[in-house]
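Observations on the model geometry
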Amino acid sequence: MQFTGKFAIAFGIALAILIFVGIFSYRKLFQETSDQQWVDHTHLVLEKLDAVHLDAVNAESGERGYLITGDVRYLKDYQQSLTDLDDHLDDLAKLIEDNPAQQEALRNLRGLTAQKVEGLHQRIVLRQTSLDAATEAMHQSNVAELSAELRTQIKTMKGTE
């Protein structure tokens, strides 16, 4: 075999190796990009869950501020928290639309937040008519239990994510 023949074979082998490495690198890069998108998605879901929890806490704080002081400025914070809560729950629903288990968990979370908001609203209405009635409702309410259930549901969803 002549030198040019050996050179052509060596060059062909080297070229085949380069093509193989290039294809492998491209596939690896594509997979890493896909993995990074899922990581980003997971972070978004976790952020929305944290936002939902914060909105619920802020709504409760606004309600309590109003119950204690009667100052309607607290109701603005309360209303804004409820608006944010609805927005964040809707955002969360869009993020998890591909995950049936998380969708079921979100339905439970929406139910818990609806119960919590209803209780907050009832006490605000009572406070507008009678401080004593609102105080009594506050003592009889299940705010702590609902808050604990809400935290547990959020923690469960975070664990799933």
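Residues numbered from 1 in each chain as written. Predicted model: local features only at pLDDT ≥ 70, side-chain atom pairs only at ≥ 80, totals over all residues. Heavy atoms only, no water.

1. Observations regarding the overall build of the chain
- The helix and strand tally for the chain stands at five helices and zero strands.
- Overall, the chain shows an N-to-C arrangement of helices and strands of α-α-α-α-α.
- Its C-alpha atoms give the chain a radius of gyration of 28 Å, clearly above 15 Å, the size a compact globule of 161 residues would have.
- Along the first, second and third principal axes, the C-alpha atoms of the chain reach 105 × 30 × 20 Å.
- Of all 161 residues assigned to the chain, the portion counted as buried reaches 28%.
- Counting only contacts in the chain whose residues sit at least 6 apart along the sequence, the fraction spanning at least 24 positions is 74%.
- Counting every atom, the chain has about 10700 Å² of accessible surface; 59% of that belongs to carbon and sulfur.
- Within the chain, the 24 negative side-chain charges are centred at a point lying 5 Å from the centre of the 16 positive side-chain charges. (Helix = DSSP H or I, 4+ residues; strand = E, 2+ residues; numbered from the N terminus. Rg over C-alpha atoms; globule rule 2.2 N^0.38 Å. Buried < 20%, exposed > 50% of the residue type's maximum accessible area, 1.4 Å probe, protein only. Contact = heavy atoms within 4.5 Å. Areas by Shrake-Rupley, 256 points an atom, 1.4 Å probe, with all protein chains shown as cover. Lys, Arg positive; Asp, Glu negative; His and termini not counted. Charge placed at Lys NZ, Arg CZ, Asp CG, Glu CD.)

2. Description of the packing of aromatic side chains
- Evaluation of the coordinates by the stated rule reveals zero aromatic pairs.
- The positively charged end of Arg 127 is found above the aromatic ring belonging to Tyr 66, 5.9 Å away from the centroid. (Phe/Tyr/Trp six-rings, centres within 6.5 Å; stacked < 30°, edge-to-face > 60°. Lys NZ or Arg CZ within 6 Å of the ring centre and 35° of its normal.)

3. With respect to the nonpolar core
- Core analysis: the biggest nonpolar cluster contains 17 residues, and Leu 49, Leu 92, Leu 106, Leu 109 and Met 157 have the highest contact counts within it.
- Once you skip the residues sitting within four places of it in the chain, Leu 92 turns out to touch Val 45, Lys 48, Leu 49, Leu 106, Leu 109 and Met 157.
- Grouped together as the second largest cluster of nonpolar side chains are seven residues, Ala 59, Tyr 78, Leu 82 and Ile 124 included. (Core = buried A, V, L, I, M, F, W, Y, C linked by side-chain atoms within 4.5 Å.)

4. A few points about empty space enclosed by the protein
- In total, this model carries one cavity of 30 Å³ or more according to the counting rule given.
- Looking at the largest cavity, its volume works out to about 40 Å³.
- Lining the largest cavity, in full, are Lys 116, Gly 119, Leu 120, Arg 123, Asn 142, Val 143 and Leu 146.
- At four residues, the largest contribution of residues to the lining of the largest cavity is made by helix α3 (residues 100–129).
- Considering only residue class, the lining of the largest cavity consists of three nonpolar, two polar and two charged. (1 Å grid on protein atoms, 1.4 Å probe; cavity = no way out; pocket = protein on both sides within 12 Å on 5 of 7 lines; lining within 4 Å. Points joined across faces, edges and corners; volume = space filled by probe spheres on them. Nonpolar A, V, L, I, M, F, W, Y, C, P; charged D, E, K, R; others polar.)

5. Observations regarding the side chain of Arg 123
- Along the chain, Arg 123 falls in helix α3.
- For Arg 123, a relative accessible area of 6% gives the class buried.
- Non-local contacts of Arg 123, meaning those with residues more than four positions away in its chain, are made with Glu 63, Leu 67, Ala 134, Ala 137, Met 138, Ser 141 and Val 143.

6. Some words on the confidence of the model for the chain
- The share of residues in the chain with pLDDT of 70 or more is 99%, and the mean pLDDT across the chain is 89.
- Helix α4 (residues 131–140) is the least confidently modelled element of the chain, averaging 75 in pLDDT, while helix α2 (residues 73–95) averages 96, the highest of any element. (pLDDT = per-residue confidence, 0-100.)

7. Some points on the packing of helix α1 (residues 3–69) against α2
- The interhelical angle for the contact between α1 and α2, taken along N-to-C directions, is 160°, at an axis separation of 8 Å. Comparing the axis directions of α1 and α2 gives the class roughly antiparallel. The handedness of the crossing between α1 and α2 comes out as left-handed.
- Split into classes, the residues belonging to the contact of α1 with α2 amount to 15 nonpolar, seven polar and five charged. (Axes fitted to C-alpha atoms, helices over the stretch in contact; angles between N-to-C directions. Parallel < 35°, antiparallel > 145°, perpendicular 65-115°, else oblique. Left-handed = near helix turned anticlockwise from the far one by under 90°.)

8. Looking at the pattern of salt bridges
- Scanning the model with the defined rule gives eight salt bridges in all.
- A salt bridge links Asp 50 to Lys 158; its shortest N-O distance comes to 2.3 Å. Of this pair, Asp 50 sits in helix α1 while Lys 158 sits in helix α5 (residues 143–160); the two residues are 108 residues apart in sequence, bridging distant segments of the chain.
- Looking at Asp 50, the relative accessible area reads 40%, which means it is partly exposed. (Salt bridge = Lys/Arg side-chain N within 4 Å of Asp/Glu carboxyl O.)

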